[in-house]
Amino acid sequence: IDYTTGEGVVLLEPQSTNSLLQSNQFDTAWVNTNSTETSGQIGVGGSTDAWLLEKSGANGRVTQSISLSGVQSFSVYAKAGSLNWLKIQAYNGSLFNSSHFDLANGTIGTDTNLIDSSITNVGGGWYRCSIYFNCVNQLVYIYPADADNDTTGTSGNIYIQYAQLEALPYATSYIPTSGAIATRLADSVTGAGDATTFNSTEGVLYVEMAAIGDTGVFEVVSLSDGGLSDIVAF
């Protein structure tokens, strides 16, 4: 339930599949390069299944292979350790799709060949970081980064948890996997009424708008029957 407007609003999600074989077991199905992964760390919401990702050489990282095509979102929860930056990347053998995330300030650094990227504060120093890209049988990578667009250092760590890859242009709530892909069915709501619940002869007209510039002429947004006798206008 989302309360950002001051009132509770039910948020419904579509069906989605996490296509990673291991979503939170970074020493299984993930290949480490110049890195070690330590489980049992305090994670999102006080969970105890986060990981310390420590690099031991330049471009230290964990990698998982995927065989998909089309628009995908790749996301992971991350928290600053001795390093403040995270890099997540997809690579198809010829094209890199990547973004850098500042885990100290909750901002995005350099993006490369992406449709979009996002970072969301989930509390306790943790952020959900996502990239959106056109995928063709790619490798997905998670790096501890030394700074924006820099993974050349040979030591340092960050915390990571709950990776997800889904065929949507945005990240949905976490779908755990352990050895096989997993699907969450679409949310549904019943008992919310039907057409007979609502009065078809009255209602509310609500507009959010902004004046981009002064055109020098009278302007109006209206709802009417085509004439001037039955009209509501802003």
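Whatever comes next refers back to the structure up there.
The model shown is predicted, which means the values in this text are computed figures rather than measured ones.

Cut-offs used in this document
Residues numbered from 1 in each chain as written. Predicted model: local features only at pLDDT ≥ 70, side-chain atom pairs only at ≥ 80, totals over all residues. Heavy atoms only, no water. Pairing = 2+ DSSP bridges. Helix = DSSP H or I, 4+ residues; strand = E, 2+ residues; numbered from the N terminus. Axes fitted to C-alpha atoms, helices over the stretch in contact; angles between N-to-C directions. Phe/Tyr/Trp six-rings, centres within 6.5 Å; stacked < 30°, edge-to-face > 60°. Buried < 20%, exposed > 50% of the residue type's maximum accessible area, 1.4 Å probe, protein only. Lys NZ or Arg CZ within 6 Å of the ring centre and 35° of its normal.

## Here's the deal with the sheet that holds strand β6 (residues 69–80)
Okay, step 1: Here we have six strands laid out as an open sheet, ordered β3-β4-β13-β6-β11-β10, and antiparallel in their pairing. Of all the strands in the sheet, the pair left with one neighbour each is β3 (35–41) and β10 (116–123). Taken over all neighbouring pairs, the strand axes of this sheet differ in orientation by 30° on average, direction set aside.
Okay, step 2: Pairing between β3 and strand β4 (residues 50–55): five bridges, direction antiparallel. Across the sheet, T36 pairs through a bridge with E54, a residue of β4.

## Brief notes about the packing of aromatic side chains
Okay, step 1: A complete count under the given rule lists six aromatic pairs for this structure.
Okay, step 2: Considering the side-chain rings of Y91 and F96, the 4.1 Å spacing of their centres and the 15° angle between planes classify their relative orientation as stacked.
Okay, step 3: Overall, the relative accessible area of 39% leaves F96 in the partly exposed class.
Okay, step 4: An angle of 20° between the planes, with centres 4.3 Å apart, marks the rings of Y162 and Y174 as stacked. Of this pair, Y162 sits in strand β13 (residues 156–166) while Y174 sits in the loop between β13 and β14 (182–184), and the two are 12 residues apart along the sequence.
Okay, step 5: A residue is classified by how much of its surface remains accessible, and Y174, at 22% relative accessible area, is partly exposed.
Okay, step 6: Among the aromatic side chains, those forming a connected cluster through ring pairs are F26, W30 and W51.
Okay, step 7: Over the face of the ring belonging to Y143 we find K87, whose NZ or CZ atom lies 4.8 Å from the ring centre.

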